[in-house]
Amino acid sequence: MNTIDLFAGCGGLSLGFQNAGCSIKAAFDNWKPAIEVYRANFSHPIFDLDLSQEIDLNILQEFSPQMIIGGAPCQDFSSAGKRDETLGRADLTLKFSEIISQLRPEWFVLENVDRIIKSKILQEAKSVFYSAGYGLTEQIINANLCGVPQSRKRYFLIGHQYSTDNFLDFYLENNQSPHPMTVFEHLGESLDTEFYYRHPRSYKRRGIYSVHEPSPTVRGVNRPIPKTYVKHLGDACEPNGKVRPLTTIERSYLQTFPTDFKFFGSKSDLEQMIGNAVPVKLAEFVANAIKDYQADLINSKILQVKQLAFHF
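## Side note on the overall build of the protein chain
On a plain count of helices and strands, the protein chain comes out with 10 helices and 10 strands. Radius of gyration (C-alpha) of the protein chain: 21 Å, near the 20 Å computed for a compact globule of 312 residues. Projected onto its principal axes, the C-alpha coordinates of the protein chain cover approximately 75 × 45 × 35 Å. Counting only carbon and sulfur atoms, one obtains 52% of the accessible surface of the protein chain, whose full area is about 14,900 Å². Charge-centre separation for the protein chain: the mean point of 33 positive side chains lies 6 Å from the mean point of 35 negative side chains.

Laid out in structure tokens, this is it:
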């Protein structure tokens, strides 16, 4: 399917859908560091476009998208942010719905943090999608059940013009792994450490993890272990000189970016774009669920035609 990616960031959602066989025709974002990284890794164009402003929709329509995907900025919903929908970025979720309602692609995929499900903006966006004639499937999915070595819960809202609500539930639920993926299962011996530090939001939470468990959610913050750090009850080992934070690139592997994906720029920018990205394998999982559903839909229609022909 011809696909365009809005709010593309450095390309996690694009790469996952591309790996599943979608033809990504173009991407759009409004943060130059991420745009430059995206441009270095894909052959299709990415455009610097601020979707919070009024835009000429012909810019998007010229790519004849059958599917539009996007992970609108999540800071206004995130537990790491202020959780204030009035700050402006939440409006981009509504803007996404308005773009979909006007361009009417056959499919759309909206990704965000799981807390968006409690927001008023999401309910407004769903009303727009329903008015445009879409059947909707919505699920909160933990990436560690979808080929990602990371506990990362994300909300997906998937719309299809010719289906009823909950049409994709079976495909999303049936294909999940029964066991969470660990860091070691994904990276094996490539890490030179068994334990690592991930800076907690609060020292009431643990900070030291083992590679033999899923990593915690990769965020845009990556700091060394403080000299004053006191062992938390849940820590995987005692704090010592061997416990280190993962490098920026190692954290991109937890987001399931491939080793040949080109990252460059300032450390703070890279940490932010990697932390904001949709894990590649999670995106691929969702895209494959859509692909399987569509195949079954086509086969069902072919069978109906054959049965009708046989009847006559």
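Continuing now.
## Describing helix α9 (residues 267–276)
When we look at burial in α9, the residues that qualify are Leu 270, Glu 271, Met 273, Ile 274 and Gly 275. On its buried face, α9 is in contact with α2 (32–41) and α8 (248–254).

## Re the packing of aromatic side chains
In this structure the tally under the stated criterion is 20 aromatic pairs. Measuring from ring centre to ring centre gives 6.3 Å for Phe 42 and Phe 261, while their planes differ by 75°; the resulting arrangement is edge-to-face. Taken together, the positions of Phe 42 in the loop between α2 and β3 (46–48) and Phe 261 in the loop between α8 and α9 put the pair 219 residues apart, joining distant regions of the chain. Of the two residues, Phe 42 and Phe 261, both sit in the buried class.

## Quick notes on the pattern of salt bridges
All told, the structure shown has 10 salt bridges when counted by the stated rule. A salt bridge links Asp 48 to Lys 32; the shortest N-O distance between them is 3.0 Å. With Asp 48 in strand β3 and Lys 32 in helix α2, this residue pair connects regions lying 16 residues apart in the sequence. Classification of Lys 32 by relative accessible area gives exposed; the value is 57%. Taking the shortest distance from any N to any O, the salt bridge between Arg 206 and Glu 213 comes out at 3.0 Å. Comparing Arg 206 with Glu 213 shows no difference in burial state: the two are buried. Among the charged side chains, a network of salt bridges with common partners joins Asp 192, Arg 244 and Glu 250.

Conventions we followed
Residues numbered from 1 in each chain as written. Predicted model: local features only at pLDDT ≥ 70, side-chain atom pairs only at ≥ 80, totals over all residues. Heavy atoms only, no water. Helix = DSSP H or I, 4+ residues; strand = E, 2+ residues; numbered from the N terminus. Rg over C-alpha atoms; globule rule 2.2 N^0.38 Å. Areas by Shrake-Rupley, 256 points an atom, 1.4 Å probe, with all protein chains shown as cover. Lys, Arg positive; Asp, Glu negative; His and termini not counted. Charge placed at Lys NZ, Arg CZ, Asp CG, Glu CD. Buried < 20%, exposed > 50% of the residue type's maximum accessible area, 1.4 Å probe, protein only. Contact = heavy atoms within 4.5 Å. Phe/Tyr/Trp six-rings, centres within 6.5 Å; stacked < 30°, edge-to-face > 60°. Salt bridge = Lys/Arg side-chain N within 4 Å of Asp/Glu carboxyl O.

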